[in-house]
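Structure at a glance
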Amino acid sequence: MKTYFPYYFKRIGILFVFVAFILSCFGNIDDFNRGWLSAGKDLPLNSIDNPDLDKILNYNPYFTKDEAKPWLNGSLILSLLGFTLYLFSKEKIEDEFYQQLRAKSLMQALFITWIFTGLVYWLIPEFDLEGFYILQLHLIFFTMIYAYNRKVKFGTE
């Protein structure tokens with residue numbers, strides 16, 4: 001597998017993932033606040049789906065679902081772009097060992113993504129994973145497995 005990005009794109013990718021995390025938190029600020037406000041109350045477990053939850057908690061949301069969607073979509077796109085830049089950037093010293101390690105990590109991550117997605121669909125059938133979220137999961141698993149293989153298993157930095 002050839003890499004096409006220079007080494008410094010790793011830092012740019014990390015920055016994009018960090019910004020994506022902040023955008024995701026900003027888009028989900030109402031969910032954070034609802035969770036904070038409902039922590040001390042004795043609410044039923046399925047109360048999150050209750051459309052009157054904001055009235056019960058006396059909460060005025062910042063965003064509607066349609067207003068929060070661009071923040072979450074932007075977060076997803078930046079996250080995918082950041083992981084892609086990070087994972088397909090060259091190492092400081094690029095050789096066949098790192099190419100083989102990337103290929104091995106990619107296969108392992110694909111296998112784990114299939115197992116994880118299958119378990120989610122089997123155990124929680126009402127949970128809907130969209131394609132981009134599955135791709136994001138794959139990139140996250142690939143990042144963790146590649147870092148594990150590179151640092152812990154083979155002791156390279």
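Attention here is on the structure that accompanies the text. Everything numeric here is computed off the predicted structure, so don't read it as measured data.

Let us look at the nonpolar core. Membership of the largest hydrophobic core comes to 14 residues, with the highest contact counts inside it found for L87, A109, L139, F142 and Y146. Sorting the residues of this core by element identifies α4 (65-87), α5 (96-123) and α6 (131-153) as the ones contributing at least two each. For this core, the element with the highest residue contribution is α6, accounting for 6 residues. The residues contacting Y146, other than those within four sequence positions of it, are E91, Y98, L101, R102 and S105.

The full count for this structure, using the stated rule, is 7 aromatic pairs. Centroid distance F88 to F142: 6.4 Å. Interplanar angle 50 degrees. Geometry classified as tilted. Of this pair, F88 sits in the loop between α4 and α5 while F142 sits in helix α6; the two residues are 54 residues apart in sequence, bridging distant segments of the chain. Take F142: its relative accessible area is 1%, and that puts it in the buried class. One aromatic cluster is present, built from ring pairs that chain together F5, Y8 and F9.

This paragraph deals with the pattern of salt bridges. On inspection of all chains with the given rule, the structure shows 3 salt bridges. R150 is the partner of E91 in a salt bridge, and the nearest nitrogen-oxygen pair spans 3.5 Å. One end of the pair, E91, is in the loop between α4 and α5; the other, R150, is in helix α6, and 59 residues separate them in sequence. Pair check on accessibility: E91 and R150 agree, each one buried.

Attention shifts here to the packing of α5 against α6. Contact geometry of α5 with α6 gives a least axis separation of 8 Å together with a crossing angle of 135 degrees. Relative to α6, the element α5 lies oblique. As for the relative orientation of α5 and α6, their crossing is right-handed in sense.

Criteria and thresholds
- Residues numbered from 1 in each chain as written.
- Predicted model: local features only at pLDDT ≥ 70, side-chain atom pairs only at ≥ 80, totals over all residues.
- Heavy atoms only, no water.
- Core = buried A, V, L, I, M, F, W, Y, C linked by side-chain atoms within 4.5 Å.
- Buried < 20%, exposed > 50% of the residue type's maximum accessible area, 1.4 Å probe, protein only.
- Helix = DSSP H or I, 4+ residues; strand = E, 2+ residues; numbered from the N terminus.
- Contact = heavy atoms within 4.5 Å.
- Phe/Tyr/Trp six-rings, centres within 6.5 Å; stacked < 30°, edge-to-face > 60°.
- Salt bridge = Lys/Arg side-chain N within 4 Å of Asp/Glu carboxyl O.
- Axes fitted to C-alpha atoms, helices over the stretch in contact; angles between N-to-C directions.
- Parallel < 35°, antiparallel > 145°, perpendicular 65-115°, else oblique.
- Left-handed = near helix turned anticlockwise from the far one by under 90°.

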